[in-house]
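# Working through the structure, step by step
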Amino acid sequence: MAEVISNAEEVDVLIVGGGLSGCATAAAIAAGGAGRKVVILEARAGKNPRFNGELIHPTGADVLAERGFLGPLHEAGGADVSGFACVREVGRPATLLPYREIAGSRPHGFAIDHHDLVDTLRREVLRRPGVELRSGERVVSVVRDQERVIGVTTASGTVLAKLVIGCDGRHSKLRTLFGMEERATLLSFTAAALLADCELPHPGFGHIFLGAWGPILAYPINNKDARTCIDLPADMDRGTEAVIARIRSGYLPFLPPSVKSSLLRALDAGEIELAANYSIRTEECTVPGAALLGDACGCSHPLTATGMTVALTDTRLLGEALAGIDLRSREQVDRALEQYQTRRYRYVRAREVLADALYEVFRGVDDGARAIREGIFRYWGSSAGSRARSMALLSGHESRLPAFLREYLTVVGMSTSSVLRGEVNEPSLGGRMRSLYGLGKKSLEKRSVVARGVREGTIR
Ligand SMILES: Cc1cc2nc3c(=O)[nH]c(=O)nc-3n(C[C@H](O)[C@H](O)[C@H](O)COP(=O)(O)OP(=O)(O)OC[C@H]3O[C@@H](n4cnc5c(N)ncnc54)[C@H](O)[C@@H]3O)c2cc1C
């Protein structure tokens, strides 16, 4: 081992994974100190065959703009996204949640085909001085100096670095190699399809259609096409034919005509992509000499389009922590990593809780969740301020857990009055009692999440 290490190449920063997080991290680190040599090791030689995220909230788009990526991404064909249109039942008017109602926020998010996103970021990051991307280099182990991570090994050999950053996605090898624990739950899976030449009912908006087993998301990905992501049960047959049959019978009836006809064309051609939806939670993302970033730190159900906005915010936080420090000083590096870890979890906890809560509510899994769904639509209908507060949480503009709890409890209050008036679920006395019990249980669960955050110090 000593010989391997003495002959090994050494760089300043090694990034494992050349997806969205890896490229944006490389740009952030290169910007934080002139002359830094940053090498990205990417396992795949070609495109990632897995379907991945495409819709980015304004907070994430801000980071792309700061790094000079947003202009080239527009040139690559991406589309601005103005907010969300939520459709409770087909035929009923949508509730519009525009980003522009959030005070101080960029008025648009952004969406683009994921392959075009990664291709553009890779091309652009290579223009930064000191950044190199090596494809076909799968990291299989890490090199340590006692407790400290000082490099990685691939089939081509060992590369040492003053700092190693794992951007290797939700099934991160580095997370395992660093010995970090995770809580992973398979929630459901997504069937994604291109909606060619599809004009969405509210052009420029991401749409959420409710009523089927799981929510259906549809958003523009360029100036003529849209994408739909359909949430399906985790335990169903995942053969393409079975999935297409289930979408035809259980989901198409909940879509408006323009989306339905585009989706039908994709289904007739058998053109769907499948991806599993996990909730993965971690409690730590740094060890001496190394950090994780993006999905490698965990992920949520994709309905709330949380992943890339969180990943981009991670890159901003890590870039800020490392800006101007001397990477040769282990002490300075570890202090910066500690700062990154604290700020990251403060930011991310509200988004994780919100993603879980919205998925549960939009699926309407039980009486409590269905009552909250009723309350949330009433709340959004009540004022621009209530919509703006919800959207600030959804878009990552607001990241304080107490703000989430305040919103949640307000919605629970509205849901309670709907239940008492018999407007939701079973209007019988027994039905109302079940709904009230469900509402009480859910608010207690959310209060205890916030209380845990206070104990852990992740609440500001
Ligand atoms: C169905 C679905 C829909 C989604 N929709 C959205 C959405 O609309 N909006 C949103 O914000 N998020 C969405 N997400 C989440 C989003 O895709 C992720 O947050 C985002 O891709 C994370 O980027 P990343 O770079 O951290 O990880 P990844 O995109 O997974 O990239 C990891 C990279 O690391 C490489 N790699 C892995 N292992 C190694 C190794 N050992 N050595 C070297 N390289 C390695 C991989 O090849 C890959 O290139 C969705 C996710 C799914 C599954």
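This one's a predicted model, so the numbers in the text were calculated from it and none came from an experiment. (Residues numbered from 1 in each chain as written. Predicted model: local features only at pLDDT ≥ 70, side-chain atom pairs only at ≥ 80, totals over all residues. Heavy atoms only, no water.)

## A closer look at the sheet that holds strand β15 (residues 226-233)
Judged by pairing direction, the sheet is mixed, and its seven strands sit side by side in the order β6-β5-β13-β14-β15-β12-β16 without closing on themselves. Unpaired on one side and paired on the other, β6 (95-98) and β16 (273-281) mark the two borders of the sheet. Strand-to-strand twist in this sheet, taken as the mean axis angle between neighbours without regard to direction, amounts to 25°. Here four bridges tie strand β5 (residues 83-87) to strand β13 (residues 206-209), and the two strands are oriented parallel to one another. What sits directly across from C86, in β13, is I208. (Pairing = 2+ DSSP bridges. Helix = DSSP H or I, 4+ residues; strand = E, 2+ residues; numbered from the N terminus. Axes fitted to C-alpha atoms, helices over the stretch in contact; angles between N-to-C directions.)

## Let's talk about the sheet that holds strand β3 (residues 55-56)
Strand order in the open sheet formed by three strands is β3-β7-β4, with antiparallel pairing between adjacent strands. In this open sheet, the two strands that pair with only one neighbour each are β3 and β4 (79-81). Bridging between β4 and strand β7 (residues 109-111) involves three bridges; their strand directions are antiparallel. Residue pairing across strands places V81 opposite G109, the latter belonging to β7.

## Let's talk about the packing of helix α11 (residues 367-382) against helix α13 (residues 401-420)
In contact at an axis separation of 7 Å, α11 and α13 are set at 110° when each is read in the N-to-C sense. On the basis of their axis angle, the class for α11 and α13 is roughly perpendicular. Listed contacts from α13 to A371, I372, E374, G375, I376, R378, Y379 and S382 of α11 are E407, Y408, T410, V411, V412, M414, S415, S417, S418 and V419. In terms of residue class, the contact of α11 with α13 is made up of nine nonpolar, six polar and three charged. (Parallel < 35°, antiparallel > 145°, perpendicular 65-115°, else oblique. Contact = heavy atoms within 4.5 Å. Nonpolar A, V, L, I, M, F, W, Y, C, P; charged D, E, K, R; others polar.)

## Things to note about the pairing of strand β9 (residues 141-145)
Across five bridges, β9 lies against strand β10 (residues 148-154) in antiparallel orientation. Within the sheet, the bridge partner assigned to S141 lies in β10 and is T153. Here β9 folds back onto β10, and the loop between the two strands holds two residues, one of which, Q146, carries a positive phi near 55°.

## A look at the site of the ligand
The full set close to the ligand counts 35 residues, and S21, E42, G53, D295 and M308 are the nearest of them. A distance of 3.0 Å is found between a nitrogen atom of the ligand and a backbone nitrogen or oxygen belonging to V139. For the ligand, an oxygen atom lies 3.5 Å from a polar atom in the backbone of G307. When the ligand is considered free in solution it has 1,000 Å² of accessible area, and contact with the protein chains removes 93% of it. Residue assignment for the shell around the ligand shows that the elements contributing at least two residues are α2 (20-31), β2 (38-42), α5 (114-125), β16 and α9 (307-322). Broken down by class, the residue content of the shell around the ligand amounts to 13 nonpolar, 13 polar and nine charged. (Near = heavy atom within 4 Å. Polar contact = N/O pair within 3.5 Å; in protein donor to acceptor, adjacent residues only side chain to side chain. Areas by Shrake-Rupley, 256 points an atom, 1.4 Å probe, with all protein chains shown as cover.)

## Concerning the pattern of salt bridges
Proximity of charged atoms lets side chains of opposite charge pair with each other. Scanning all chains against the criterion turns up 36 salt bridges. Between R335 and E331 there is a salt bridge; the shortest N-O distance is 3.6 Å. Separated by four residues within a single helix, R335 and E331 lie in helix α10 (residues 330-363), roughly one turn from each other. Neither R335 nor E331 differs from the other in exposure class; each is exposed. Linking E360 and K446 is a salt bridge whose minimum nitrogen-to-oxygen distance equals 3.9 Å. Linking E360 in helix α10 with K446 in helix α14 (residues 429-456), this pair joins segments that are 86 residues apart in sequence. Take E360: its relative accessible area is 19%, and that puts it in the buried class. Judged by relative accessible area, which is 8%, K446 ranks as buried. One salt-bridge network, held together by shared partners, links R183, R281, E283, R349, E352 and D356. (Salt bridge = Lys/Arg side-chain N within 4 Å of Asp/Glu carboxyl O. Buried < 20%, exposed > 50% of the residue type's maximum accessible area, 1.4 Å probe, protein only.)

## Structural notes on the side chain of T190
Summarising the element assignment, T190 is placed in strand β12 (residues 183-195). A polar contact of 3.0 Å, which involves the side chain of T190, links it to the side chain of N277. In contact with T190, not counting residues within four places along its chain, are C229, I230, E273, L274, A275, N277 and P302.

## A short note on the nonpolar core
Most often, soluble globular proteins keep nonpolar side chains buried together rather than apart. Among the nonpolar cores identified, the biggest contains 68 residues, and L14, V164, I165, F178 and Y340 are the most heavily contacted of them. In terms of residue count, the dominant contributor to this core is α9 (eight residues). Every residue in contact with V164, bar those within four places of it in the chain, is listed here: L14, V16, V149, I150, G151, V152, L174, G289, A290 and A291. Grouped together as the second largest cluster of nonpolar side chains are 46 residues, Y219, I221, I376 and L405 included. (Core = buried A, V, L, I, M, F, W, Y, C linked by side-chain atoms within 4.5 Å.)

## Thoughts on the domain arrangement of the protein chain
A common way to state how big an interface is: give the accessible area lost once the parts meet. Split by domain assignment, the protein chain resolves into domain 1 (2-77 + 112-181 + 282-351), domain 2 (185-278) and domain 3 (364-456). Between domain 1 and domain 3, the contact holds eleven residues from the first and nine residues from the second. Applying the counting criterion to the domain 1 and domain 3 interface returns zero salt bridges. When contributions to the side of domain 1 that touches domain 3 are tallied by element, the ones reaching two or more residues are α3 (58-66) and α10. Its residues assigned to classes, the side of domain 1 that touches domain 3 comprises three nonpolar, four polar and four charged. (Domains from an automatic or database assignment.)

## Observations regarding the packing of helix α7 (residues 240-250) against helix α8 (residues 257-268)
It is at 11 Å that the axes of α7 and α8 come closest, and there the two elements cross at 155°. On the basis of their axis angle, the class for α7 and α8 is roughly antiparallel. Where α7 crosses over α8, the two elements pack in a sense that is left-handed. Within the contact between the two elements, α7 uses I244, I247 and R248 and α8 uses L263, L264, L267 and D268. (Left-handed = near helix turned anticlockwise from the far one by under 90°.)

## Concerning α11
Compared with an ideal rise of 1.5 Å per residue, which puts 16 residues at 22 Å, α11 spans 23 Å between its outermost C-alpha atoms and is within 8% of the ideal. Among the residues of α11, those classed as buried are G368, A369, A371, I372, R373, E374, G375, I376, F377, Y379 and W380. Here the buried face of α11 lies against β5, β6, α10, α12 (384-395), α13 and α14. Capping the start of α11, D366 holds a side-chain oxygen 3.3 Å from the backbone nitrogen of G368, two or three residues further along. (Expected span 1.5 Å × (residues − 1).)

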